Amino acid sequence: MPLVEELRRVVGDAHAGRAGAAVLADASEQRAFAGRADAVVAPADAAEVAAVVAWCYEHDVAITPRGGGSGLAGGAVPVAGGVVLDLGRLDRLRAFEPEGWRMEVEAGMRTSEVARRAREHGLWFPPDPGAAEQSTIGGNIATNAGGPHAFRYGVTGAWVTGLEAVIAPGEVVRVGGPVRKDVAGLDLKRLLIGSEGVLGIVTAAWLRLIPAPEAALPVVAVYPDAAAGQRALTTLLASGVQPAVLEFLDAGAVAAAAGAFPGAGLGAGAGFMLVAEADGTPEAARAVRGELLEVLGEEGEIVHAPEDLAGVRALWRWRDGVSYSVVAQRGGKLSEDIAVPPERLAEAVAGTVEIGARHGLPACSWGHAGDGNLHSTFLLDREDAGELARAQRAAHELFDLAVALGGTISGEHGIGALKRPDLERFEAPAVRRLQHGVKAVFDPKGLFNPGKAI
Ligand SMILES: Cc1cc2nc3c(=O)[nH]c(=O)nc-3n(C[C@H](O)[C@H](O)[C@H](O)COP(=O)(O)OP(=O)(O)OC[C@H]3O[C@@H](n4cnc5c(N)ncnc54)[C@H](O)[C@@H]3O)c2cc1C
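Here we summarise the structure given alongside this text. Every value quoted in this text rests on a predicted model; they were computed, and no experiment measured them. Residue numbers restart at each chain and count upward from 1, following the sequence in its written direction. For this predicted model, a pLDDT threshold of at least 70 governs which residues receive local features, and a threshold of 80 or more governs which side-chain atom pairs are given and counted, while totals over whole chains, interfaces and linings are taken from all residues. Side-chain numbers here rest on the full set of heavy atoms in the structure, without hydrogens or water.

## Regarding empty space enclosed by the protein
Here a cavity denotes a set of grid points, spaced 1 Å apart and computed over the protein atoms alone, in which a 1.4 Å probe fits but from which it cannot get out, and a pocket denotes an open set meeting protein on both sides within 12 Å along at least five of seven lines; residues with an atom within 4 Å of a point are reported as lining. Grid points are joined across faces, edges and corners, and a volume is the space filled by probe spheres set on the points. Using the criterion set out here, one finds 1 cavity of 30 Å³ or more in the structure. Roughly 50 Å³ of volume is contained in the largest cavity. Surrounding the largest cavity, Gly100, Arg102, Thr161, Pro178, Val179, Arg180 and Arg208 form its lining. Taken together, the residues of the lining of the largest cavity break down into 2 nonpolar, 2 polar and 3 charged. Polar here means any residue outside two lists: the nonpolar Ala, Val, Leu, Ile, Met, Phe, Trp, Tyr, Cys and Pro, and the charged Asp, Glu, Lys and Arg; Gly therefore counts as polar.

## A short note on the side chain of Asp337
Working definition: helices are DSSP H or I runs of at least four residues, strands are E runs of at least two. Numbering for both runs from the N terminus. Looking at the element boundaries, Asp337 is found in the loop between strand S16 (332–336) and helix H12 (345–358). Buried, partly exposed and exposed residues are distinguished by accessible area as a fraction of the type maximum, computed with a 1.4 Å probe on protein chains only: under 20%, between the cut-offs, and over 50%, respectively. Its relative accessible area of 0% is what places Asp337 among the buried residues. Whether two residues are in contact is decided by their heavy atoms: any pair within 4.5 Å suffices. Apart from the residues within four sequence positions on either side, Asp337 is in contact with Asn373, Leu374, His375, Ile409, Ser410, Gly411, Glu412, His413, Gly414 and Lys419.

## Things to note about the sheet that holds strand S3 (residues 63–66)
Pairing between sheet strands relies on hydrogen bonds along the backbone, with the strands arranged either parallel or antiparallel. If you trace the 4 strands from one edge of the open sheet to the other, you get S1-S2-S4-S3, paired in mixed fashion. Each of the sheet's edge strands pairs with one partner strand only, and the pair in question is strand S1 (16–17) and S3. Bridging between S3 and strand S4 (residues 83–86) involves 4 bridges; their strand directions are parallel. The residue of S4 that forms the bridge with Ile63 is Val83. Axis definition: a line fitted to C-alpha atoms, over the contacting stretch in the case of helices. Angles run 0 to 180 degrees between N-to-C directions. Sitting on the sheet, helix H2 (residues 46–58) is in contact with strand S2 (39–41), S3 and S4, with an inclination near 170° to S4. Should DSSP find at least two bridges between two strands, the strands are regarded as paired.

## Topic: the layout of surface pockets
Estimates place the volume of the second largest pocket at around 500 Å³. Residue lining of the second largest pocket: 28 residues in total, with Gly194, Glu196, Gln435, Ala453 and Ile454 positioned closest to the centre. Residue assignment for the lining of the second largest pocket shows that the elements contributing at least two residues are helix H6 (188–192), helix H14 (420–426) and helix H15 (429–442). For the lining of the second largest pocket, the element with the highest residue contribution is H15, accounting for 4 residues. In terms of residue class, the lining of the second largest pocket is built from 13 nonpolar, 10 polar and 5 charged.

## Comments concerning the site of the ligand
Near the ligand, the surroundings consist of 35 residues, among which Pro65, Gly67, Ser70, Gly71 and Thr136 are the closest. Between the ligand and the protein, one listed contact pairs a nitrogen atom with a backbone N or O atom of Gly130 at 3.0 Å. Between N or O atoms, a polar contact is any pair within 3.5 Å; within protein, one atom must be a potential hydrogen donor and the other a potential acceptor, and residues adjacent in sequence are included only when both atoms are from side chains. Within the backbone of Glu196, a nitrogen or oxygen atom sits 3.2 Å from an oxygen atom of the ligand. Contact with the protein chains removes 92% of the 970 Å² of surface that the ligand exposes when unbound. Among the elements of the structure, S3, helix H4 (137–143) and strand S10 (201–208) are those that each provide at least two residues to the shell around the ligand. Among the elements that make up the shell around the ligand, the one with the highest residue count is H4 (5 residues). Across the shell around the ligand, the residue classes break down as 13 nonpolar, 19 polar and 3 charged. To be near a molecule or strand, a residue needs just one of its heavy atoms within 4 Å of it. Reported accessibility uses the Shrake-Rupley method at a 1.4 Å probe radius. Residues are deemed covered only where the shown protein chains occlude them.

## Brief notes about the nonpolar core
Nonpolar side chains in soluble globular proteins generally cluster together in the buried interior. By size, the foremost hydrophobic cluster in this structure holds 56 residues, and its most contacted members are Leu163, Leu207 and Met273. Contact partners of Leu207, with chain neighbours within four places excluded, come to Trp101, Arg102, Met103, Val105, Val114, Phe125, Ile137, Trp159 and Val160. Put simply, a nonpolar core is a bunch of buried Ala, Val, Leu, Ile, Met, Phe, Trp, Tyr and Cys residues held in one set by side-chain atoms that sit within 4.5 Å of each other. Among the nonpolar cores identified, the runner-up in size contains 45 residues, and Val349, Leu361, Phe378 and Ile415 belong to it.

## Looking at the packing of helix H10 (residues 309–320) against helix H11 (residues 322–330)
Viewed as axis vectors pointing N to C, H10 and H11 meet at an angle of 45°, and their least axial separation amounts to 4 Å. Comparing the axis directions of H10 and H11 gives the class oblique. Contact with H10, carried on its side by Trp318, Arg319 and Asp320, involves Val322, Ser323 and Tyr324 of H11 and no other residues of that element. Residues that form the contact of H10 with H11 fall into these classes: 3 nonpolar, 1 polar and 2 charged. Orientation categories follow fixed angle ranges, with anything under 35 degrees roughly parallel, anything over 145 roughly antiparallel, 65 to 115 roughly perpendicular, and all other angles oblique.

Structure below.
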């Protein structure tokens, strides 16, 4: 019986079919990276996920898990045929226990919906990756996604206390749970977090929440160049002042987004920008805001520090749009997500521009200064295959730079399919042996997301 017919017997006629273009690519599609699959299947719950996995495992069919498809590393793109496992129907809230500051959600719930549910009860789920309306909590867990608030509050994995997953050859397991501490045995939950679907399928998670901060007060400062911005960043980090968010834009990113800046104007001296935010009770946020104004203003110019809710929201909407403003410069971009020790940020910023210039491409960076995490970007004409090829060569050099600066080739988007050749270049043989050993234990037939992550 054909594959689709077999899968329909498991999930019902409406929920299995031929794999259309929508599930053969992810948000990294500007690199024209699309895969191939024989079918797409959308199970209703963990039991159906287990049944699909069991069927695939028995028949040696590859399984590519898919959340919102907002990934930027080709992780959800099927590269070995087989089945795309769409987790979108697993979007239920299983439990909400506000008095315990926790909730259990299924993997397909949108990130924005997780945040909304928490807020309804005055609680907060701090991880805030940028594509929250599209991404799912399962995808966030599988990539251990970060975002601006990761600086103070940590990445997604820091907020996951328990996981339910389907492992080979089609079994539902639970690790951790509604507990705040758990050191019983090896931490398999941690192994699954960030595993990009190569070890198993996350079907649900217990998430830790905290009371939502009552106030959030941003401060924006500009500096003549990245070196001056680096001095301000290093001083701030050493000062003990604790902002919740600490973002940056380099000269190129500021220039691209300046037109829409909600503050009074940036002036000619805006060669580098830091955007910090104080949060907490109104009194605490105000106190930290005062410290930020002082430290960031020492050698920079404070250009905006809104205190009203509308002004604060407008600033963050602008920050969210930086990526689009950068794309608008030439119609396309190739962005990577290297991370370096924060005190080496300016070197990575300068290196990005130099590498771009060597390949004849304008370049800029912005991102999460406090975490030393750059969205290093080469601007290109989408229709020009030559430029895309040059940008890809530039990205390889960028990874060399990140590693030379003591950093990593991926701070938040993961390895997926696109960065695998680069991971291989930098990984010590012993580390690779361990990675593949873990994979073999979880997935002896190599059917979970083949061609990805390791
Ligand atoms: C505009 C924009 C802004 C972004 N901003 C950020 C940001 O600030 N921080 C950040 O970290 N990322 C960011 N991203 C990248 C992306 O949103 C994250 O990587 C996100 O976590 C992916 O979630 P998803 O549900 O879309 O996963 P997908 O893209 O569907 O999949 C990502 C990977 O996870 C695997 N996977 C998905 N669901 C499951 C599951 N249930 N079980 C096992 N494996 C699974 C897939 O196989 C794939 O390997 C951004 C992307 C865009 C387009």
